[in-house]
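What follows is each chain in one-letter form.
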Amino acid sequence: MSFDYQKFIDVLATGPTVRPDLNARLFLHQSAKLLILSYKNLDPNTQAIVSKDLRFIAKKVGNYKSCFVNSLLYALTKERKYLQKSLQILRKLPVSLSGHTDDFWALSLSLRDSDGDGELLWEAEERREYLAFLHAKAEEKAKETYTQVCGAGSVHKGFTDNPRVVLITSQLLAMGHAPTEIALNYARILQKDHGKQVLLVNSCEYSSKATGAIASSMNANAMDNYSNFSSLTYEDETFGLFQPNPAICSDAGIQQCITKIDEFDPSLIIVIGNSCSFAEAFLQRSYVIYSPTANAVPYVTNAKFHMHDAPREEHLATMEKEGLQENYEFFLPGAYEVQTKRSSTTRDELGLPEGRPVFIVVGNRLNYEVTEDFLSMLEDISSRSDAFF
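My aim in this report is to walk through the structure given alongside it, one point at a time.

### Concerning helix H3 (residues 44–60)
Over its 17 residues, H3 runs 25 Å from end to end, which matches the ideal 24 Å to within 8%, given 1.5 Å per residue. Where H3 is buried, its residues contact helix H1 (5–13), helix H2 (22–39) and helix H4 (63–77). Here H3 starts with a cap whose side-chain oxygen sits 3.0 Å from the backbone nitrogen of asparagine 45, and that cap is aspartate 43.

### As for the packing of aromatic side chains
Tallied over the full model, the rule gives nine aromatic pairs. Aromatic pair phenylalanine 3 and phenylalanine 8: ring centres 6.1 Å apart, planes at 75 degrees, arrangement edge-to-face. Using a relative accessible area of 0% as the deciding quantity, one classes phenylalanine 8 as buried. An aromatic cluster of at least three residues, connected via ring pairs, comprises Phe104, Trp105, Tyr206 and Tyr299. Over the face of the ring belonging to phenylalanine 133 we find arginine 91, whose NZ or CZ atom lies 4.4 Å from the ring centre. Across from the ring centre of tyrosine 299, 4.0 Å away, lies the NZ or CZ of arginine 128, which sits over that ring.

### Looking at the nonpolar core
Counting residues in each nonpolar core, the largest one holds 47 residues, and the members touching the most others are Phe8, Leu54, Leu72, Leu90 and Leu107. Going through the elements one at a time, H1, H2, H3, H4, helix H5 (80–90), helix H6 (97–110) and helix H7 (124–150) are the ones with two or more residues in this core. The element that contributes the greatest number of residues to this core is H4, accounting for nine residues. Contact partners of leucine 72, with chain neighbours within four places excluded, come to Phe8, Ala32, Leu35, Ile36, Leu54 and Ala215. Of all hydrophobic cores here, the second largest spans 31 residues; its members include Leu97, Tyr146, Ile258 and Cys276.

### A short note on the environment of lysine 192
Relative to the helices and strands, lysine 192 is located in helix H9 (residues 178–192). Residue lysine 192 is classed as exposed on the basis of its relative accessible area, which comes to 53%. For the pair formed by lysine 192 and glycine 151, sequence separation is 41 residues and the distance between their alpha carbons is 33 Å.

### Examining a positive patch on the surface
Taken together, the side chains of Lys52, Arg55, Lys59 and Lys60 make up a positively charged region of the molecular surface. Its place among the elements puts lysine 59 in helix H3. By relative accessible area, lysine 59 is classed as exposed at 72%.

### A closer look at the layout of surface pockets
The gaps of empty space that remain are located by a probe, the size of a water molecule, rolled over the atoms. Roughly 260 Å³ of volume is contained in the second largest pocket. Along the walls of the second largest pocket sit 20 residues, with Arg19, Leu93, Pro94, Val95 and Ser96 positioned nearest its centre. No other element matches the four residues that H6 contributes to the lining of the second largest pocket.

### Side note on the sheet that holds strand S3 (residues 231–234)
Across the sheet, which stays open at both edges, the eight strands sit in the order S3-S4-S2-S1-S5-S6-S7-S8 with mixed pairing between neighbours. Each having just a single partner strand, S3 and strand S8 (328–331) make up the two edges of the open sheet. Across the sheet, the axes of successive neighbouring strands diverge by a mean angle of 25 degrees, strand direction being ignored. Bridge count between strand S2 (residues 197–202) and strand S4 (residues 237–242): three bridges; the pairing is parallel. Across the sheet, residue leucine 200 finds its bridge partner in S4, namely leucine 241. Its contacts with the sheet place H9 against strand S1 (164–169), S2, S3, S4, strand S5 (268–272), strand S6 (287–291) and strand S7 (304–307), and it is angled at close to 125 degrees to S4.

### Quick word on the packing of H1 against H3
Interaxial distance between H1 and H3 falls to 10 Å at its minimum, and their mutual angle equals 15 degrees. With respect to their mutual orientation, H1 and H3 come out roughly parallel. Considering only the axes of H1 and H3, their crossing is right-handed. Along its contact with H1, which presents Tyr5, Ile9, Leu12 and Ala13, the element H3 presents Ile49, Val50, Asp53, Leu54 and Ile57. Considering only residue class, the contact of H1 with H3 consists of eight nonpolar, no polar and one charged.

### Observations regarding H1
If you check which residues of H1 are buried, you get Tyr5, Phe8, Ile9 and Leu12. The buried residues of H1 all sit within an arc of 95 degrees when viewed along its axis, so they share a single face. The inward-facing, buried residues of H1 abut H2, H3 and H4. Among the residues trailing H1, glycine 15 stands out with phi positive, at a value near 90 degrees.

### Some words on the pairing of S4
Burial analysis of S4 places five of its six residues in the buried class, the great majority of the element. Alignment of S3 against S4, held across four bridges, turns out to be antiparallel. Of the residues in S4, the one forming a bridge with tyrosine 234 is glutamate 237. The hairpin formed by S3 and S4 contains two residues between the paired strands, and glutamate 235 there has a positive phi angle of roughly 50 degrees.

Thresholds, definitions, all that
- Residues numbered from 1 in each chain as written.
- Predicted model: local features only at pLDDT ≥ 70, side-chain atom pairs only at ≥ 80, totals over all residues.
- Heavy atoms only, no water.
- Helix = DSSP H or I, 4+ residues; strand = E, 2+ residues; numbered from the N terminus.
- Expected span 1.5 Å × (residues − 1).
- Contact = heavy atoms within 4.5 Å.
- Polar contact = N/O pair within 3.5 Å; in protein donor to acceptor, adjacent residues only side chain to side chain.
- Phe/Tyr/Trp six-rings, centres within 6.5 Å; stacked < 30°, edge-to-face > 60°.
- Buried < 20%, exposed > 50% of the residue type's maximum accessible area, 1.4 Å probe, protein only.
- Lys NZ or Arg CZ within 6 Å of the ring centre and 35° of its normal.
- Core = buried A, V, L, I, M, F, W, Y, C linked by side-chain atoms within 4.5 Å.
- Patch = residues over 30% accessible without salt bridge, like charges linked within 9 Å, V, L, I, M, F, W, Y side chains within 5 Å.
- Areas by Shrake-Rupley, 256 points an atom, 1.4 Å probe, with all protein chains shown as cover.
- Salt bridge = Lys/Arg side-chain N within 4 Å of Asp/Glu carboxyl O.
- Lys, Arg positive; Asp, Glu negative; His and termini not counted.
- Charge placed at Lys NZ, Arg CZ, Asp CG, Glu CD.
- 1 Å grid on protein atoms, 1.4 Å probe; cavity = no way out; pocket = protein on both sides within 12 Å on 5 of 7 lines; lining within 4 Å.
- Points joined across faces, edges and corners; volume = space filled by probe spheres on them.
- Pairing = 2+ DSSP bridges.
- Axes fitted to C-alpha atoms, helices over the stretch in contact; angles between N-to-C directions.
- Parallel < 35°, antiparallel > 145°, perpendicular 65-115°, else oblique.
- Left-handed = near helix turned anticlockwise from the far one by under 90°.
- Nonpolar A, V, L, I, M, F, W, Y, C, P; charged D, E, K, R; others polar.
- Arc of directions from axis to C-beta.

This is how it looks when you write it as structure tokens:
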């Protein structure tokens, strides 16, 4: 294997039964990712040894590590029973602001896994229930942190007296990354066309370095250098920028974000994405609205949100179940291409040749992420192979 497997096993099997410190958690997650990457290439005997080691450890350690090891076993084997055990333990763990936030993102990927036949292993309602639980716990802890940092807060000053707007994103990269591009465009429009003073906050909640109790293959990107800048220029507009240092999901980092927003004192907070642990802590003094990065109901409690198309039956059912009918404001078409469900089709119906590879690009943000450079790359690849372009 491409890492020190024995050291990984030793760290898992020894040490405190409570949540390990940050450095230990970073080591465990990095080792777990390397194990996940190499596991499929191991011979069956070695796979059996690894699985046996992990099952033994899961029964002998405290709740945090047991949760972590069972989720790792799930990532390796895709057997539901392991993640179900992790989820049972997760409900018993002490609430951690960054830990539960990080676990939200890890599970948002793990709970979308499918089996060898392409069938989803988890129903949509199951995913929503688990993720809503984690988000609510993280949000509860964030409100405690807000009170410690900001006290009682200030009264909403309205848009006339207070032109300051905060945009929050969980991941800020470069152009070609749809959430980044939307955040930058919102910032430019609000400042240039509407005279607002904008601060863009990258919370790093979708972190490049996992620190929670759920092991997964999540491998988010990050641009650490943003932590060194207090402003950003986009299309000749310069606005404020804040990113925690280090650029990872941590209690200290989220507290830094809360402190910065408190100092900026906005009347409007727009969350670019489907979740944010701390945005609703500012509801007593700011109007908070979510602009989701998919056509889905975001994870909110009291904040407002919009969608990218008229709510479908499943969206309305979620709103009713979670009491969010009054939180929905409007739909804003155009930001994302909303796909309708389609039945299967054949090569002949699409005019595709038989017996040749076909490149298929899927996603709900292709109008942002499929650039001319990307298409040129595919054309170059197909010209050197038998692929159809």
